[in-house]
Amino acid sequence: MVSAPRNAHARAALLMLGSTLGFGLMAIFIRLASQSIPTWEVAFFRNSFGFLALLPMLVLPVLRQPRPAAAFAARVHTRHLPRYLVRTAIGIASMFCGFWAIAHLPLAQAISLAYSSPIFVTIAAIVMLGERVRARRWTAVALGFLGVLVIVRPWSHAFSLGTLVAVAAAVLSALVAIQIKQLSRVDEADTIVFWTYALWVPMSLLPSLLDWHRPTGIAWLWLAATGAMGTVGQLLWTRALKLGDVSALTPISFMQLPVVSLAGWLLFGETVDAATLVGAGIILGSTFYIAHREAQLARQQRTSAPSEAVEPGV
């Protein structure tokens, strides 16, 4: 007979695997949609369709209550709307950079650099939260930077300014992770998710109107799938981290890299060069150690999942 804790760990692993596939498919659909739709507009539709996929999950639980509208309003109520405006503005910038990188760089390269975000989270946690970081985590951060440099290769003819956009997305994603950690101390997860999407939609609409391309044909499918997979990935990711240890689940999230690399080869004729493979290996190793160490500290302090468990794909 399987024990309850073992069942919880198995469910967490399956949820993380589902989240990883969801984010991997989202990246593929972003690339497909970007062939005919500008990046800002892809971001807008990702947020719009994602919000539509999210609302039933927030609304259905309160429909059985005597006053559903009041119950829903109470569920998403916050006294910190200005902080959400800052969080979502940075999140939109991170999303745009990340989507641009997925659309214009080889998929394996864009996703590998996205995984460097926990490295920047560690630094941001020191500056913004006053957290103490000892020598072993500093070593992991330094190795992670080395992995980024191996992929970006600023010293060679292979260097592209586009890789810096991917790095910028990782840095901005780290700032978002810190802000989410701060907001989670004052608001529930459903409140954070609701206001994030409610503000993301109009924020991403405004710049997309400057270069609007009306989607046609199969582009609608790619856009809808981008939003749906992004929301599914987020929800499964959150639930996985509630059930399991982030250090045990992080290696599962790395499966996104071979998924998108295979898709890049099959759909777009991309190959993965040696520098990207080596750099990705260094980044993933560094990220795994940071997640492992943060999980140990979280257990010692009896806190929630560590901020370094950055969502792999905004």
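Being a predicted model, the structure only gives us computed values, none of them experimental. Numbers given for residues are sequential positions, taken from 1 along each chain in its written order. Given that the model is predicted, a residue must reach a pLDDT of at least 70 before its local features are reported, and side-chain atom pairs must reach 80 or more before they are shown or counted; all residues, however, enter totals for whole chains, interfaces and linings. Hydrogens and waters are ignored; side-chain quantities use all the structure's heavy atoms.

Visitor: Could you clarify how one ought to interpret the overall build of the chain in this entry?
Guide: Starting at the N terminus, helices and strands are each numbered in turn, a helix being any DSSP run of H or I of at least four residues and a strand any DSSP run of E of at least two. When you go through the chain residue by residue, the secondary structure sums to 13 helices and 0 strands. For the chain, the α and β elements follow one another from N to C terminus as α-α-α-α-α-α-α-α-α-α-α-α-α. Radius of gyration: over C-alpha atoms. The globule rule applied is 2.2 Å multiplied by the number of residues raised to the 0.38 power. Computed over the C-alpha atoms, the radius of gyration of the chain is 19 Å, within 12% of the 20 Å expected from 2.2 N^0.38 for a compact globule of 314 residues. Taken along the three principal axes of its C-alpha coordinates, the chain extends 65 × 55 × 45 Å. For the chain, buried positions account for 49% of its 314 residues. Contacts are assigned to residue pairs that have any heavy atoms within 4.5 Å of one another. Once local pairs closer than 6 in sequence are excluded, the contacts in the chain between residues at least 24 apart make up 88%. Of the accessible surface of the chain, which amounts to about 14800 Å², a share of 68% is contributed by carbon and sulfur atoms. Where the 23 positive side-chain charges of the chain centre and where its 12 negative ones centre are 9 Å apart. Relative accessible area decides the class of each residue, using a 1.4 Å probe on protein chains only: under 20% of the type maximum gives buried, over 50% gives exposed, and in between gives partly exposed. Residue exposure ignores everything except the shown protein chains as possible cover, and the areas themselves are Shrake-Rupley values with a 1.4 Å probe. When charges are counted, neither His nor the chain ends are considered; positive counts come from Lys and Arg and negative counts from Asp and Glu. Where a charge sits is defined by one atom per residue type, namely NZ (Lys), CZ (Arg), CG (Asp) or CD (Glu).

Visitor: Mind showing me how you'd approach the nonpolar core here?
Guide: Soluble globular proteins tend to bury their nonpolar side chains together. As used here, the term nonpolar core means buried Ala, Val, Leu, Ile, Met, Phe, Trp, Tyr and Cys residues forming a set that is joined through side-chain atoms within 4.5 Å. Residues M16, V42, I102, I111, L113, L249 and L257 are the most contacted members of the largest nonpolar core, which totals 71 residues. It is helix α1 (residues 4–33) that contributes the most residues to this core, 10 residues altogether.

Visitor: Sorry, what's going on with the pattern of salt bridges here?
Guide: Opposite charge on two side chains permits pairing when their charged atoms draw close. Salt bridges, as used here, are contacts in which a Lys or Arg side-chain nitrogen is within 4 Å of a carboxyl oxygen on Asp or Glu. Following the criterion strictly, the structure yields 3 salt bridges and no others. Its salt-bridge partner being R31, residue E270 comes within 2.7 Å of it at the nearest N-O pair. Residue E270 is found in the loop between α12 (256–268) and α13 (274–301), and its partner R31 is found in helix α1; the two are separated by 239 residues along the sequence. Given a relative accessible area of 17%, E270 falls into the buried group. Of the charged contacts, one joins R75 and D190 as a salt bridge, the two residues approaching to 2.5 Å between their closest N and O atoms.

Visitor: Which parts of the structure should I look at to understand unusual backbone geometry?
Guide: Note on backbone geometry: most residues besides glycine have negative phi, and most peptide bonds are trans. For R153, which is not glycine, the phi torsion reads 50° and is therefore positive. On the basis of relative accessible area, R153 is assigned to the buried category, the value being 14%.

Visitor: Is there a simple way to think about the packing of helix α4 (residues 81–104) against helix α9 (residues 189–208) in this case?
Guide: The axes used here are C-alpha line fits, helices contributing only the stretch in contact, and every angle between their N-to-C directions lies in the interval 0 to 180 degrees. One can describe the packing of α4 onto α9 by two numbers: an axis separation of 9 Å at closest approach and a directional angle of 60°. The angle between the axes of α4 and α9 places the two elements in the oblique class. Handedness of the α4/α9 crossing: right-handed. Packed against α4, whose contacting residues are L81, Y84, L85, R87, T88, A89, G91, I92 and M95, the element α9 presents T191, I192, W195, T196, L199, W200, M203 and S204 at the interface. Roughly parallel means an angle under 35 degrees; roughly antiparallel means over 145; roughly perpendicular covers 65 to 115; every other angle is labelled oblique. Crossing chirality is assigned from the near helix's rotation relative to the far helix, an anticlockwise turn below a right angle marking it left-handed and a clockwise turn marking it right-handed.

Visitor: I'm lost on the packing of aromatic side chains in this one. Help?
Guide: In this description, an aromatic ring pair is defined by two values, namely the gap between the centres and the angle between the planes. Classification of ring pairs uses Phe, Tyr and Trp, with its six-membered ring standing for Trp, and accepts pairs whose centres are within 6.5 Å; under 30 degrees between planes counts as stacked, over 60 as edge-to-face, and the remaining range as tilted. Tallying each qualifying case throughout the model produces 14 aromatic pairs. Ring plane angle 20° and centroid distance 5.8 Å describe the contact between F29 and W222, whose orientation is recorded as stacked. Of this pair, F29 sits in helix α1 while W222 sits in helix α10 (residues 219–243), placing them 193 residues apart in sequence. Where F72 meets F194, the ring centres are 5.6 Å apart and the plane angle is 85°; that geometry is what we call edge-to-face. With F72 in helix α3 (residues 68–76) and F194 in helix α9, this pair connects stretches of sequence that are 122 residues apart. No difference in accessibility class separates F72 from F194, as the two residues are buried. The lysine or arginine in question, R31, covers the ring of F268, its NZ or CZ lying 4.8 Å from the ring centre. We count a charge as sitting over a ring when the NZ of a lysine or the CZ of an arginine lies within 6 Å of the ring centre and within 35 degrees of the ring normal.

Visitor: What is the right way to look at the environment of L63 in this model?
Guide: Turning to its location among the elements, L63 is positioned in the loop between α2 (39–59) and α3. Expressed as a C-alpha distance, the spacing of L63 and R87, which sit 24 residues apart in the sequence, is 30 Å.

Visitor: Please explain the environment of I178 as it appears in this structure.
Guide: Tracing the chain through its elements places I178 in helix α8 (residues 161–183). By relative accessible area, which is 0% here, I178 ends up buried. Counting along the chain gives 55 residues from I178 to I123, while the straight-line C-alpha distance between them is 10 Å.

Visitor: Looking at this model, I keep getting lost on the side chain of R153. Mind explaining?
Guide: Considering the arrangement of structural elements, one finds R153 in the loop between α7 (135–152) and α8. Looking at R153, its side chain comes within polar contact range of the main-chain oxygen of I151, at 3.2 Å. Not counting residues up to four positions away in its chain, the partners in contact with R153 are Q109, A158, F159, D273, A275 and T276. Whenever two N or O atoms come within 3.5 Å, that pair is a polar contact, provided that in protein one can donate a hydrogen and the other can accept it, and provided that, for residues adjacent in sequence, both atoms are side-chain atoms.

Visitor: Would you take a moment to explain the confidence of the model for the chain for this structure?
Guide: Detail in the predicted coordinates should be disregarded across regions flagged by low pLDDT. Per-chain confidence: the chain averages 87 in pLDDT, with 92% of residues scoring 70 or above. The quantity called pLDDT is the predictor's confidence in a given residue, expressed from 0 to 100. Predicted confidence for residues 303–309 stays below pLDDT 50, and this span has 21 contacts to residues more than four positions away or in other chains.

Visitor: Can you walk me through the packing of helix α6 (residues 117–129) against α7 in this structure?
Guide: Angle between the axes and distance between the axes are the two parameters that describe a pair of packed helices. Two elements in contact, α6 and α7, have axes whose closest approach is 9 Å; the angle formed by their N-to-C orientations is 135°. The angle between the axes of α6 and α7 places the two elements in the oblique class. Pair α6 / α7 crosses with left-handed handedness. Contact with α6, carried on its side by I119, F120, T122, I123 and I126, involves R137, W138, V141, G144 and F145 of α7 and no other residues of that element. As a working rule, the residues Ala, Val, Leu, Ile, Met, Phe, Trp, Tyr, Cys and Pro are called nonpolar, Asp, Glu, Lys and Arg charged, and the rest polar, with Gly in that last group. Considering only residue class, the contact of α6 with α7 consists of 7 nonpolar, 2 polar and 1 charged.

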